[in-house]
Every structure is written in C-alpha cells, then in structure tokens.
Amino acid sequence: MEEDIWLPTRLTWKKEHLQLTQAIKDLVFSISRLYSSTTTTTTTTTTGGDYDESSSSSSSSRTDIVARVKDFLRMIPRGNKRKSMDHLEIFELCGAPSALVLLLDSPIKDNKEIGEESIRLFLNPEIGVLPRTTQLQCASIVLFFCIALRERVDNEHLYYSCRETLGSLLKSMGSFAKTLRYFDREEASCLIEALYPFVLELSHKVIQGLELIGESSLSTVSTCFRLSFESDIREFTLFSHHLRKAIEDHVRSKGQSLPLCLEDNFESHPCYLDTIEMFHITFSRLVATIYECMRSMSKYVNADVPWEFNIGWSYYLSVLKELNNISKLYQGAEEILSSNMRSYQYLLDILVMHSKRSDDHRWLLELKNVIDFESRRRWMIKMMFPEVKDDNEKLHKMLIDRSQLLAESFEHIAHANPESLRNGLFMEFQNEVATACPSDRRRFFPNPAKVDPRHLSYFGFCGRLIALALMHKVHVGITFDRVFFLQLAGEVISLEDIRDADPCLYKSCKKILEMDADFMDSDAMGLTFVKEIEEFGSRKIVELCPGGDTMVVNSKNREEYVHLLIQYCFVKSMSEKRRLHKIFFRRLELKDLDGMLLGSDKAICVKDWQAHTVYDDYTETDEQIRWFWKVVEGMSVEQQRELLFFWTSVKYLPVDGFSGLPSPLYIYKTSGSHYRLPSSHTCFYRLSLPHYPSLAVTQQHLFRICQEHVGCSFGFM
C-alpha cells in the first residue's frame, strides 16, 4: 500500500512514519467509502488503492471518523517541532484534508456534519487533542481548508471560521522566515499568491462598509454592523500586513529594492508578479473610496447647521493607516496619499480629536503637515501619559513657601508617588489668602531650565515637571537643546548637531578635521584617543576606546576620533541621567516639543488679544476700554507678558495664540475707588477693571501691576 502515495524520502524510512501513513490512508478510505455510499458503489479511494469493503464497513460511522481525526491530532509529537511538522505533512500528502472537505459535498446531512466537526478540530484548540502551541503548525492545513471553502456559499460560516483561524495563526508566527516554514513554502512568491485572494476579498468588505458609512449616518446602522466592520478592518489589515512582508521578501530575494515602479514595462521586471500589480489596483480602489468618504464628511461638517461626530468616521484612520503602509511598496503612491490627506487636514484633525486613547496613530506623526500642531500635541499626550483624573478626593496637595519655591517643589514632586500626580494638583502658598483652583494647573510650574545641572537628583525632578506641564497643557517657557533631544531619541549625534550646544568643542573638532594631513601625521598636537574630565573636583583621563591612550590621532583616524569624542561628551557621559522612552522622542519633531513646552515665542499680538476678550458691564467703545488697550499697545513685550500673567497666570501663549487658550478673556467693571489697582481671578481669565477717570490713571495702575514682584502674586490687589 505504501506505493500508492508518494512521500519524500525523509518521511519513508522510519517505521513510525509508515504506521502513521497506513492509519491516515485507512481514515481517508473510510471517509471516501462514507461519501461514495450515497453517490456511487465504487470502492476506489482518493489515493487510488482498493480495499476490502468488509474490513472497513464498520469504520464509517460518524463517531468513528471524528474520533480517528482526534486520535491523529493526539499522536502529533509535543515539544518537537520537526517531528510534528512531519506528521502533519503526511496527513496532507495522504489527502486527508481533501477527504474531509469532500464530505461537505455529500447530499446527506450527517455526512456534512461529520466533515464540519472534523475540520473544526483544527480551528479550535482543545486540551488533550490539539494544544494551542501545536495548532500553529497546522497553518498549511488551515490554509487548504480556506482555499477549498472560499467559493462554497453553503459553508460560509465554516469558511469564516477557517479564515479567522488563519489570521490568528499568521499573527502568532513572528518573523517572515517562520511564516514560510509554517506554510511549507520555499519562496515568498508562493505565499503572495496564497494570501492575495484573502486581501482582495476583505478589501471588498471594507469598501462596502466605508460606502455605507459615507452614505448614511451610523445611527441608522446596527451595532452588529459596527462589530462586523471592525472585524473586517482587523482581518484586512492582518492579511495585508503579511502580504506586504511577503512582497518585501520577494523583492529582496531578487536583489531589488522598494518602492517598485509599475510603469515602464513592469512585466519584464525581475520582481514581476501579476498579483503585485493587482494588489496596487486594490490599493487604488480603497484610496478612491476613502476619499469619497472624506468628501461626504466634509459636506456634513461644513454645513451651516450644528453637527455631531459620526462614530463611523472613526474607522477612516484605521483604513488610512494600512493604506499608508501599502503605499511604501509602490513608487509615487506615498506622495499621492499624503498629498490627498493634506487636502483634508481639518477632517483628520477632527478624527484625531475623537480617537480613543488606545488607538495607535503614531504613523500620522511621520507624515509632514498632515495634521495640525494641536492634533499632534493631543495625540502625543495620549500616547505618553495616562488620562488625568480630576478626583478632588485624590488630588496631590502641596503647601508651598514662595520664598523656597524650588526646594519645596522638589520635596513635594520628586518624592511623590507617580499615581498621585496623575490625579491632578492642588497647591496653596503659605501666608497668602488666595489658593489655586483645583482645576487651574497653570500657576505652579517653576522653570526647570534654572535648576543647577550639577545636581543629578534634580534631573528626575525636572522630568516630572516637564511631564506635568505636558499633561496639563502648561507652557513653561523652555525649549530642549537639539543635542539633548537627539539623546532622548537615541539618535546618532553629528558634529553639526553640537554647533550651538558646545561652540568650543565644535570649533576644535572642526579644526582637527580641516588641518593639513602632513601636520596631523607629524604628531605635533600630541593627541591620543582619550578625554580629560573633571569629576568631584579632581581631573582624570578617560579612554575613548580600548587602548585609546596609546592610539595617536592622525589624518586617517581623525574622523573616528572626533566621532568618539562627541559620543563620549554627549552620549556616554549622559547615559546614567536619562531613562526616557526613546520611541516617543523618535516619533516627535523637536519643533512640536518646543511648541508644547515653550508655546509661542513671538511677540503678543494686541489685536488678537482684543479679539478674544469679552466685556461685562463695559463695551469696547467705552473710554476705559479704549484707554486700557492704548496702554497695552504702548507696553514693552515683557510688560505685556506680565500683564497677561497677572490676568490669566499664562505667560507663554500656545503656538496658535489666544485661540489656543481654553477660554476667552474677560474684563469686568468693578466699583470702588479709582485709586484701587485692577484685580484678577486667574482660574476664569477674569480681570476686574475699576472705572478709571483718565488715560494717565489707567496707565499708572496697569504699569504698576506689570512690575514682576506684583505680577507674580496670585492676582488679587
């Protein structure tokens, strides 16, 4: 019987393999007999062998076939991947998967159920039958079931289960090399041909869902649709991801690189596969559909009536994310996609604003000018920090002596439990009548840039202050040096990067690189690969590389010397001082971080200030208001900042000016003597302005509160 089926040599010489082959062939024969008993009297099996009917007639019951499939699965060796793969390969070569699918074509209901129950044994891991750790090695069999069932309308639910299982197995495989082994494919091109039909099929479902969302409000669509559509997007993204990896591997194996140019006779390209062209067509159809949806969204948002966010729109970013990944395969596709996205920037800003904290939109940060600064800021805060909890019972409370601001701030924040800082802050200043509102986190942020850098313990404190400032949207008036930013991101620091950070070192290194080669080789400078440093009051020599004290710097190694010197000064010497998340900073633009911490460094625009000010019991044509703005216009930039700080406790405006503040500013008319100074309620951006009799009196009192020691009070005068 062994000659009926061809097996690779490595699978035929072991006794256990021969026994296994016989058992599987008996199973296939029983299945064929069960099927043919309802269609024909032939006893010829799918393997071509003839068997004695009497010896197998009792083996054709439902329980017997399902039990024998379970027995086979139990026989798969545990803990030995090679042996288990051999067992499963014999199962395939003997035609067992085909025989199980054949039962689904039987006109007898019981036979169909036998086939489905047996197939589902490969889909649902079961302790004692098919452990999850072994199921991964059944990927090739599950793929066969998917291909065989794809066009069978009467087995739609079984097919979806097979496809879902296949996706789950793909997700668990790790590297692409492992994926090829699990599917028993030697070349990526074979896997490309196998995976593309699933991508095409799922893309049709995604397009249908997008069109439904674009044409109607999701409030008219059932929850069942939303759950189904989310599943379709997840599956499409998963299969597309592995198809992309297969294409990337295929291109590398041909000695080529991405992106691929589909023009100029692509059929003659070494990487040509019609599936790769078809994948690009699928990509283009999805792009056209998503932008039609964006146009529909634009009409809705731009209408002259109030609108509510449609929950269906939130799926657009998930689809765009995968389209962005696919675009990297094809020349020009990435530029076209990002250009179209920029044309709908304000819609993307809306989508980001309504996205969930758990959504991963880091890819948007890599695209230039696709979303605005506020959207980038909002998402980066979501990515880096947990949500701020405004629970008054759990506020982190601090009593601060203003004269000891730095020391007491350090004690309250540096040693606090991080969880308590996430609940919000409440602070009071000793011997001051006013306290900060629990919801107003702007008052309390001493400038970390003024901390003595020699005290290492203050670095953690500075980090916490910066984190609190980012979490609570407070502009603290500092920026990160470019070199420090590159350190945080774990990037390589070049000579040009240190130009501003250390001008002296920059000039010295520049001279070394530009010196005459003969002069460098004469050892006239006496340089070796060492660095002299001062540590705790004493000086010592540090080698830049092993044996550096004996390596003379010359014209051939001077570039390496400069590189090692820079890395030591700006990387190694700082390694103990930074424990921050590199991934966050790699996704960040320095200008964005500066905007989040510093805010706008431009002069305050008084007209913008006026446009965002509301009056109570005053009008903008009243003399007092006209005098007020005339005085403000005549102030220096610093005086204007002090006035703004006194009024709102905001000294540095957001990047987008007054429109970036959470509230307009207010000027209230207050009664009382005109000798009284203005007062403010910074929590509410409210300035109480007495009814002054003249421009001169208005100027005198406003200039008085612009003095730094007055402006730094809490705003009550």
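Residues numbered from 1 in each chain as written. Predicted model: local features only at pLDDT ≥ 70, side-chain atom pairs only at ≥ 80, totals over all residues. Heavy atoms only, no water.

I'd love a proper account of the overall build of the protein chain, names of residues and values included.
A tally of helices and strands in the protein chain yields 32 helices and eight strands. Looking at the protein chain residue by residue over its 717 residues, the buried ones come to 47%. Look at the contacts in the protein chain between residues 6 or more apart in sequence, and 68% of them connect residues 24 or more apart. Only carbon and sulfur atoms are counted for the fraction: they give 51% of the accessible area of the protein chain, which is about 35,900 Å². (Helix = DSSP H or I, 4+ residues; strand = E, 2+ residues; numbered from the N terminus. Buried < 20%, exposed > 50% of the residue type's maximum accessible area, 1.4 Å probe, protein only. Contact = heavy atoms within 4.5 Å. Areas by Shrake-Rupley, 256 points an atom, 1.4 Å probe, with all protein chains shown as cover.)

Outline the UniProt feature "active site" (unreviewed entry) in the protein chain, listing residues and values.
Under the UniProt annotation, "active site" (unreviewed entry) lies at Cys683. Structurally, Cys683 is set in the loop between β7 (679–681) and β8 (686–690). (UniProt positions renumbered as here; feature names shortened; annotations may be inferred.)

Give a description of the sheet that holds β8 that names residues and reports values.
In space, the four strands of this open sheet follow the order β5-β6-β8-β7, with mixed pairing throughout. Looking at strand neighbours, the two that pair on one side only are β5 (613–616) and β7, the edges of this open sheet. For this sheet the average axis-to-axis angle between neighbouring strands, irrespective of direction, equals 25°. In this structure, β7 lies alongside β8, joined through three bridges in antiparallel fashion. Within β8, the residue paired with Ser679 across the bridge is Ser688. The strands that helix α30 (residues 637–648) touches are β5, β6 (665–670), β7 and β8; relative to β6, the one it contacts most, it runs at about 75°. (Pairing = 2+ DSSP bridges. Axes fitted to C-alpha atoms, helices over the stretch in contact; angles between N-to-C directions.)

How would you explain the pattern of salt bridges if you had to name every residue and give the values?
Scanning all chains against the criterion turns up 15 salt bridges. Across the pair Lys245 and Glu248 runs a salt bridge, and its minimum N-O distance is 3.8 Å. Of the two residues, Lys245 and Glu248 both sit in helix α12 (residues 223–253), three residues apart, roughly one turn of that helix. The exposure class of Lys245 is partly exposed, given its relative accessible area of 31%. A cluster of three or more residues bridged by salt bridges with shared partners is formed by Arg163, Glu201 and Glu235. (Salt bridge = Lys/Arg side-chain N within 4 Å of Asp/Glu carboxyl O.)

Tell me about the pairing of β8, and please be specific about residues and values.
Where burial is concerned, most of β8 is hidden: four out of the five residues are buried. As judged from the five bridges shared by β6 and β8, these two strands associate in the parallel manner. Looking at β8, one finds that Thr670 is bridged to Pro690.

Please provide a residue-by-residue account of the environment of Ser555, values included.
Relative to the assigned elements, Ser555 resides in the loop between β4 (538–543) and α25 (558–570). Side-chain polar atoms of Ser555 contact the side chain of Asp521, separated by 2.9 Å. (Polar contact = N/O pair within 3.5 Å; in protein donor to acceptor, adjacent residues only side chain to side chain.)

Before we move on, could you go through helix α31 (residues 695–705) and cite the residues and values that matter?
Of the residues making up α31, those classed as buried are Val697, Thr698, His701, Leu702 and Ile705. Along the long axis of α31, the arc covered by the buried residues comes to 120°, so they all point the same way. Opposite the buried face of α31, by more than 90 degrees, sit the exposed residues Ala696 and Gln700. (Arc of directions from axis to C-beta.)

Any details on the side chain of Ser327? Residues and values, ideally.
Within the element layout of this structure, Ser327 appears in helix α14 (residues 315–327). Setting aside its immediate chain neighbours within four residues, Ser327 contacts Phe283, Ala333, Glu334 and Leu337.

Tell me about the packing of helix α9 (residues 156–172) against α12, and please be specific about residues and values.
Between α9 and α12, whose axes approach to 10 Å, the crossing angle comes to 50°. Classified by the interaxial angle, the pair formed by α9 and α12 is oblique. When the axes of α9 and α12 are compared, the crossing they make is left-handed. Where α9 abuts α12, its residues Arg163, Glu164, Leu166, Gly167, Ser168, Leu170 and Lys171 lie against Glu235, Leu238, Phe239 and His242. When grouped by side-chain class, the residues that make up the contact of α9 with α12 number four nonpolar, three polar and four charged. (Parallel < 35°, antiparallel > 145°, perpendicular 65-115°, else oblique. Left-handed = near helix turned anticlockwise from the far one by under 90°. Nonpolar A, V, L, I, M, F, W, Y, C, P; charged D, E, K, R; others polar.)

So what about helix α6 (residues 109–120)? Which residues, and what values?
Over its 12 residues, α6 extends 17 Å from the first C-alpha to the last, a length consistent with the 16 Å expected when each residue adds 1.5 Å. Taken as a whole, α6 has its buried residues at Asn111, Ile114, Gly115, Ser118 and Ile119. End-on, the buried residues of α6 take up no more than an arc of 125°, which puts them together on one face. (Expected span 1.5 Å × (residues − 1).)

Requested: an account of empty space enclosed by the protein, with residues and values cited.
The final tally for this structure, using the stated rule, is one cavity of 30 Å³ or more. Computed from the structure, the largest cavity encloses a volume of approximately 30 Å³. Taken together, Met520, Asp523, Ala524, Met525, Gly526, Leu527 and Val553 make up the full set of residues lining the largest cavity. Class assignment for the residues of the lining of the largest cavity results in five nonpolar, one polar and one charged. (1 Å grid on protein atoms, 1.4 Å probe; cavity = no way out; pocket = protein on both sides within 12 Å on 5 of 7 lines; lining within 4 Å. Points joined across faces, edges and corners; volume = space filled by probe spheres on them.)

Lay out the packing of aromatic side chains in plain terms, naming residues and giving numbers.
In this structure the tally under the stated criterion is 21 aromatic pairs. Judged by centre distance (4.4 Å) and plane angle (20°), the ring pair of Phe72 and Phe91 falls under stacked. Taken together, the residues Phe72 in helix α3 (residues 62–75) and Phe91 in helix α4 (residues 81–93) connect sequence positions 19 residues apart. As far as burial versus exposure is concerned, Phe72 and Phe91 are alike and both buried. Aromatic side chains Trp609 and Trp629 sit 5.8 Å apart centroid to centroid with 75° between the ring planes, which places their arrangement in the edge-to-face category. (Phe/Tyr/Trp six-rings, centres within 6.5 Å; stacked < 30°, edge-to-face > 60°.)

Report on the environment of Ser659, specifying residues and quantitative values.
Examined against the element boundaries, Ser659 turns out to sit in the loop between α30 and β6. For Ser659, a relative accessible area of 45% translates into the label partly exposed. Along the sequence, Ser659 and Asp608 sit 51 residues apart, while their C-alpha atoms lie 8.4 Å from each other.

Go over the nonpolar core with me, naming the residues and quoting the values.
Counting 111 residues, the largest nonpolar core has Tyr316, Leu323 and Met341 as its most contacted members. For this core, the element with the highest residue contribution is helix α11 (residues 188–215), accounting for 13 residues. The two domains that each donate at least three residues to this core are domain 1 (8–35 + 60–173) and domain 2 (215–384). Other than its neighbours up to four places away in sequence, Leu323 contacts Phe283, Leu286, Val287, Ile290 and Leu337. Within the second largest apolar cluster, 30 residues are counted, among which are Trp647, Ile667, Leu687 and Val697. (Core = buried A, V, L, I, M, F, W, Y, C linked by side-chain atoms within 4.5 Å. Domains from an automatic or database assignment.)

An account of unusual backbone geometry is needed here, citing residue identities and associated values.
Residues Leu258 and Pro259 are joined by a peptide bond in cis, for which omega reads 0°. Positionally, Pro259 belongs in the loop between α12 and α13 (274–301). One non-glycine residue, Asp523, lies in the positive phi region at around 60°. With relative accessibility at 37%, the residue Asp523 sits in the partly exposed group. The phi dihedral of Tyr685 is positive, around 55°, even though this residue is not glycine. Within the secondary structure layout, Tyr685 lies in the loop between β7 and β8.

Give a description of the confidence of the model for the protein chain that names residues and reports values.
Mean pLDDT over the protein chain stands at 81; residues scoring 70 or higher make up 81%. Note that pLDDT drops below 50 for residues 438–454; the model gives that stretch 54 contacts with residues more than four away or on any other chain. (pLDDT = per-residue confidence, 0-100.)

Break down the environment of Val632 for me, with residues and values.
By the secondary structure assignment, Val632 is in helix α29 (residues 623–633). On the basis of relative accessible area, Val632 is assigned to the buried category, the value being 0%. For the pair Val632 and Leu702, spaced 70 residues apart in sequence, the C-alpha to C-alpha distance is 8.3 Å. Every residue in contact with Val632, bar those within four places of it in the chain, is listed here: Val606, Trp609, Gln640 and Leu643.

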